[in-house]
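# Coordinate inspection notes
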Amino acid sequence: MKRRQFVTATGAALLAPLVGCGGGGGTDGLAPSTLIPGGGTPSAAPPLPVLPLMAGGNFALNLQQGSAAFLAGLSTPTYGINGNYLGPTLRMRRGENAAFAVTNSLSEPAAIHWHGLHIPAAMDGGPHQTIAPGGTWRPSFNVRQAGGTFWYHAHTAGETGRQVTMGLAGMIVIDDDNMDALDLPHTWGDDDIPLVVQDRRFHADGRFAYLSNAMPDIIGGMMGDRILVNGAITPRASVPAKEVRFRLLNGANARVFRFAFAGQRTFQVIASDGGLLEAPVAATTLTLSPGERAEIVVDFTADAGRTLTLNDIASGLRVLEIGIDRAAGRVTHVPARLAIAPRADEATALRTRDFVFGMTMGGGMGGMGMAGTMGMGFTINGRIFDMNRIDETMRLDEPEIWRVRNVDPGMTHSMHIHGGTFLLLDRNGSAANLAPHERGLKDTVLLSGGDTVRLLLTMRDYPTATGTPYMYHCHILEHEDGGMMGQVGVTT
Ligand code: C2O
Ligand code: CU
Ligand code: CU
């Protein structure tokens, strides 16, 4: 609740002189009074949409406008990928070549990024690969990493938060031989269930609210009062009475979810951002910041006929209703050993780089977009994102320690690095402060107020061309859009 206090104390004071400016650039331009409050439990939960799979190595994706009926009787204008809201789950296999045709049928530029994939920077889909309206982008790459749960989403300079809110996101699942050989639940939509978890706020006319309370929505990031899972508000999943695997993706713009089942049900955490952990770890809660993923397995064998709920105990919002109302097909058993996990050996690091996440208020140093208009800038090492500046240069295959500090005790950030996965060494000086899923391969990490996190990162395989670097940034999308992003080049 620290963030709330900060927003109230700082945000309200700063907001005062701005009252009267009205909406405008970047915001949705509607008065907050047109918001319809969330809360209450809907009479009947909609069924959990199962995101369709797309496989085979060739992916034709169309960014398009649409509309969806999230709330009874209201139509919400949306963006989607080959559909109204969100996109298909792209299923790839380690070793296979993946080729894409991404067509932008929107009336605004958009970039689409493959979050967590180890690929050349020119294929990565950051702001340097923005697709003009009507244009088609054709990246291709070899899938080189271990199996796991990844995602793709809009990554358009200054517009990422709004475009993701509108629906430009989807899941990526990578399979590999090791994962296939394990007795894990893997029947898509049956005992292997994707959960793209987001939050949204709505206007009374059905439209998504975006920056409708501009100052706090930028400082704390855009949070909603309703939870969407796979594009439905607090839906109901129907699952078999056996072990069920949930692939959890925090696809929210800014909210940090602390997932827990009602009744403190124990589950096994089996995978982090970058794939399987060495061994399953029992847990009762799981905290994911925006951009992070984890896979968990819950054993419902003895629960036939029951209904359980998955909640976000940080907000008190219900995420998912789970009806254990189907007969078990093939029975599975989570093995005691999952993968050969890479070890973080900090003695191998050749240097340490420091990154300080902070912000500026006023003083003519505003960041991009709406934040800049309001005199705010989100900074890494005191600098606001500049697409024409390479902030760091790494050498290929040289392990480094990145020491990342969130200097503001009242702010939350989420650090994400493109191009390579990393291993966390410690948080606030101790490895004991790392959660189970933080002990596997990561590409995104929570930075709570005042946190210092140290991670071990090696960039492999792909030196970057001049002018086409990898991004690293805060995955709270309003902070990213407000300038909290840097660029790293990789030389041989
Ligand atoms: Cu998921 Cu640079 O983003
Ligand atoms: Cu990414
Ligand atoms: Cu941030």
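Data block above holds the structure.
No experiment lies behind these values; they were computed from the predicted model shown.

### A short note on the overall build of the protein chain
The secondary structure content of the protein chain amounts to 6 helices and 34 strands. Relative to the compact-globule value of 23 Å for 492 residues, the protein chain shows a C-alpha radius of gyration of 21 Å, a close match. Its C-alpha atoms give the protein chain principal-axis dimensions of about 60 × 55 × 45 Å. Charge separation in the protein chain, taken as the distance between the mean sites of 39 positive and 45 negative side-chain charges, equals 2 Å.

### With respect to the coordination of the copper ion (ligand 3)
Distances from the copper ion (ligand 3) to its protein donors, namely His413 (ND1), Cys474 (SG) and His479 (ND1), fall within the range 2.0 to 2.1 Å. Taken in chain order, the donor set of the copper ion (ligand 3) reads H-x60-C-x4-H. Residue His413 is located in strand β29 (residues 413-417), and its partner Cys474 is located in strand β33 (residues 470-474); the two are separated by 61 residues in the primary sequence. Here the two residues His413 and Cys474 agree in accessibility, since each one is buried.

### Some remarks on empty space enclosed by the protein
For the coordinates displayed, the defined rule picks out 3 cavities of 30 Å³ or more. If you add up the space inside the largest cavity, you get close to 50 Å³. The wall of the largest cavity is formed by Ile380, Asn381, Arg383, Arg389, Asp391, Glu392, Tyr472, Met485 and Gly486. Looking at the lining of the largest cavity residue by residue, the class counts come to 3 nonpolar, 2 polar and 4 charged.

### As for the coordination of the copper ion (ligand 2)
Here the copper ion (ligand 2) is held by His113 (NE2) and His416 (NE2), and the distances to it run 1.8 to 1.9 Å. Placement of His113 in strand β7 (residues 112-115) and of His416 in strand β29 is noted, with a sequence separation of 303 residues between them. Per residue, the accessibility class of His113 equals that of His416, and both read buried.

### Observations concerning the environment of Leu277
Within the secondary structure, Leu277 sits in strand β20 (residues 275-283). Given a relative accessible area of 5%, Leu277 falls into the buried group. Residues Leu277 and Leu338 lie 61 residues apart in sequence; the distance between their C-alpha atoms is 6.4 Å. In this structure, Leu277 is in contact with Val269, Ile270, Ala271, Ser272, Leu338, Ala339, Pro436, His437, Arg439 and Gly440, ignoring residues within four places of it in sequence.

### What to know about the nonpolar core
Leu61, Leu90, Met92, Phe100 and Trp114 are the most contacted members of the largest nonpolar core, which has 47 residues in total. At the level of elements, β3 (58-68), β4 (76-81), β5 (89-93), β6 (97-104), β7, β10 (148-154), α2 (160-166) and β11 (169-175) are the ones that each hand at least two residues to this core. When residues of this core are assigned to their parent elements, the largest contribution, 5 residues, is made by β11. Look past the residues within four positions of Phe100 in its chain and what remains in contact with it is Phe59, Leu61, Leu90, Met92, Trp114, Trp137, Arg138, Pro139 and Phe141.

### As for the pattern of salt bridges
Evaluated as defined, the whole model comprises 38 salt bridges. Arg236 serves as the salt-bridge partner of Glu321, at 3.0 Å between the closest nitrogen and oxygen. Note that Glu321 is positioned in strand β24 (residues 317-326) and Arg236 in strand β16 (residues 236-240), a separation of 85 residues in sequence. A relative accessible area of 17% places Glu321 in the buried class. Notably, a salt bridge pairs Asp303 with Arg265, separated by 2.7 Å at the nearest N-O pair. One end of the pair, Asp303, is in the loop between β22 (293-299) and β23 (307-312); the other, Arg265, is in the loop between β18 (257-261) and β19 (267-272), with 38 residues separating them in the sequence. Comparing Asp303 with Arg265 shows no difference in burial state: the two are buried.

### Section: the environment of Leu228
With respect to the secondary-structure elements, Leu228 resides in strand β14 (residues 226-229). Residues Leu228 and Ala252, 24 residues apart in the sequence, show an inter-C-alpha distance of 9.2 Å. Non-local contacts of Leu228, meaning those with residues more than four positions away in its chain, are made with Phe70, Tyr85, Val196, Val197, Gln198, Arg200, Phe202 and Ile233.

### Side note on the sheet that holds strand β21 (residues 286-288)
The strand order across the open sheet built from 5 strands is β16-β24-β23-β18-β21, with neighbouring strands paired in mixed fashion. Sheet topology places β16 and β21 at the edges, where each strand pairs with a single neighbour. When strand polarity is set aside, the average angle formed by the axes of neighbouring strands in this sheet is 25 degrees. By the bridge criterion, 3 bridges tie β18 to β23 in an arrangement that is antiparallel. Bridge pairing in β23 links Ala260 to Asn311.

### A closer look at the pairing of β24
The element β24 is largely enclosed, with a buried count of 7 among its 10 residues. As paired elements, β23 and β24 share 6 bridges and run antiparallel to each other. Within β24, the position partnered with Asp312 by the bridge is Leu317. Joining the antiparallel neighbours β23 and β24 is a turn of 4 residues, in which Gly316 adopts a positive phi near 80 degrees.

Reading the values: the criteria
Residues numbered from 1 in each chain as written. Chains lettered and ligands numbered in written order. Predicted model: local features only at pLDDT ≥ 70, side-chain atom pairs only at ≥ 80, totals over all residues. Heavy atoms only, no water. Helix = DSSP H or I, 4+ residues; strand = E, 2+ residues; numbered from the N terminus. Rg over C-alpha atoms; globule rule 2.2 N^0.38 Å. Lys, Arg positive; Asp, Glu negative; His and termini not counted. Charge placed at Lys NZ, Arg CZ, Asp CG, Glu CD. Donors = N, O, S within 2.8 Å, 3.2 Å for Na, K, Ca; no water. Buried < 20%, exposed > 50% of the residue type's maximum accessible area, 1.4 Å probe, protein only. 1 Å grid on protein atoms, 1.4 Å probe; cavity = no way out; pocket = protein on both sides within 12 Å on 5 of 7 lines; lining within 4 Å. Points joined across faces, edges and corners; volume = space filled by probe spheres on them. Nonpolar A, V, L, I, M, F, W, Y, C, P; charged D, E, K, R; others polar. Contact = heavy atoms within 4.5 Å. Core = buried A, V, L, I, M, F, W, Y, C linked by side-chain atoms within 4.5 Å. Salt bridge = Lys/Arg side-chain N within 4 Å of Asp/Glu carboxyl O. Pairing = 2+ DSSP bridges. Axes fitted to C-alpha atoms, helices over the stretch in contact; angles between N-to-C directions.

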